[in-house]
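A look at the structure
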Amino acid sequence: MSAEPFFTALRERFSEEADRLNVLDAAIGDGDHGATMLRGLTRATAAESGARAKAFMRASGGASGTLFGLILLEIEAHLETGVPLQEGLIRACERICDLGEVAPGDKSMVDALSPAISALGTGDLPGAIAAAKAGRDSTRGLSARRGRAQYVENGGSGHLDPGAVSVVHFLETLKEVTG
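The shown structure was predicted, so the numbers you read here are calculated from the model rather than taken from an experiment. Along each chain, numbering runs from 1 in the same order as the chain's sequence is written. It should be noted that, the model being predicted, local features are given only for residues of pLDDT at least 70 and side-chain atom pairs only at 80 or more, the latter also being counted only at that level, while totals for whole chains, interfaces and linings use all residues. Each side-chain value is derived from all of the structure's non-hydrogen atoms; neither hydrogens nor water enter the calculation.

**Some remarks on the packing of aromatic side chains**
Pairing of aromatic rings covers Phe, Tyr and Trp, the last counted by its six-membered ring, and requires centre-to-centre distances within 6.5 Å; plane angles under 30 degrees mean stacked, over 60 mean edge-to-face, and any other angle means tilted. This model, assessed by the stated rule, comprises three aromatic pairs. Taken together, a centroid distance of 6.0 Å and an interplanar angle of 70° make the contact between F14 and F170 edge-to-face. Of this pair, F14 sits in helix 1 (residues 4-28) while F170 sits in helix 8 (residues 162-178), and the two are 156 residues apart along the sequence. For F14, a relative accessible area of 0% puts it in the buried group. Each ring, one from F68 and one from F170, has its centre 5.8 Å from the other, and the planes form 70°; the classification is edge-to-face. Residue F68 is found in helix 4 (residues 62-81), and its partner F170 is found in helix 8; the two are separated by 102 residues along the sequence. Burial classification: accessible surface area is computed with a 1.4 Å probe over protein chains only, and a residue below 20% of its type maximum counts as buried, one above 50% as exposed, and the rest as partly exposed. F170 sits in the buried class, given a relative accessible area of 1%. Helix and strand assignments come from DSSP, with helices taken as H or I runs of at least 4 residues and strands as E runs of at least 2, each series counted from the N terminus.

**Observations regarding helix 7 (residues 125-138)**
To estimate how far a helix should reach, multiply one less than its number of residues by 1.5 Å. Here helix 7 spans 20 Å end to end across 14 residues, near enough to the 20 Å set by a 1.5 Å rise per residue. Those residues of helix 7 lying buried are L125, G127, A128, I129, A131, A132, G135 and R136. Working rule for contacts: check all heavy atoms of both residues, and any pair within 4.5 Å makes them a contact. Among the structural elements, helix 5 (85-100), helix 6 (110-119) and helix 8 are those in contact with the buried residues of helix 7. Two N or O atoms form a polar contact when they lie within 3.5 Å of each other; inside protein one atom must be a possible hydrogen donor and the other a possible acceptor, and for residues adjacent in sequence the pair counts only when both atoms belong to side chains. Its side-chain oxygen 3.1 Å from the backbone nitrogen of G127, D124 forms the N-cap of helix 7.

**Regarding the pattern of salt bridges**
One side chain can pair with another of opposite charge once the charged atoms of both are near each other. Salt bridges are defined as contacts in which a side-chain nitrogen from Lys or Arg sits within 4 Å of a carboxyl oxygen from Asp or Glu. Under the criterion given, the structure shown has nine salt bridges. A salt bridge links E176 to R13, with the nearest nitrogen and oxygen atoms 2.9 Å apart. Within this pair, whereas E176 is found in helix 8, its partner R13 is found in helix 1, the two being separated by 163 residues in sequence. The exposure class of E176 is exposed, given its relative accessible area of 55%. Beyond isolated ion pairs, a larger network of salt bridges with shared partners links R13, K133, E172 and E176.

**Focus on the nonpolar core**
Formed by 44 residues in total, the largest nonpolar core has its most connected members in I71, L72, I75, L89, I96 and F170. Of all the elements in the fold, those that place two or more residues in this core are helix 1, helix 2 (33-46), helix 3 (52-60), helix 4, helix 5, helix 6, helix 7 and helix 8. Apart from the residues lying within four places of it in its own chain, the contact partners of F170 are F6, L10, F14, M37, F68, I71, L72 and I75. Buried Ala, Val, Leu, Ile, Met, Phe, Trp, Tyr and Cys residues form a nonpolar core when they are joined through side-chain atoms within 4.5 Å.

Shown next as structure tokens:
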């Protein structure tokens, strides 16, 4: 299978969601999460097979481009070569936790990614999506310990983490594309 349909569908989704993600990010960050993701995905869709996630990383820039790029690298490998999705996402999550110095409960993308990975143990992508959504929703009550949100009053408590929202979009789009 090719990763091209996934990246195309993901770009379309983020085109629709960019403004909402920017608003979420404005409450706890610099307000450009949606625009940054869309810029990276636009470049990714123009890249060659096997190079889409890296194109995303270069175009997105910054820490978030690298961290989300790690997830996209593993999804791309899964779609292009059949690498088991859970195995790849475990690898991505470990690197994200290491590079970002984050853990579940820190109000980050990991709060959606980690429970999704656990649910994938049974090969259940719909279950992984449900777990990611629950993790995303849990970020509303958390105070950030890393990233820009840690500097916002109460660590952004009361707001969803836009990175966790994006992880859900990644997984939902993967499900849509792969059936």
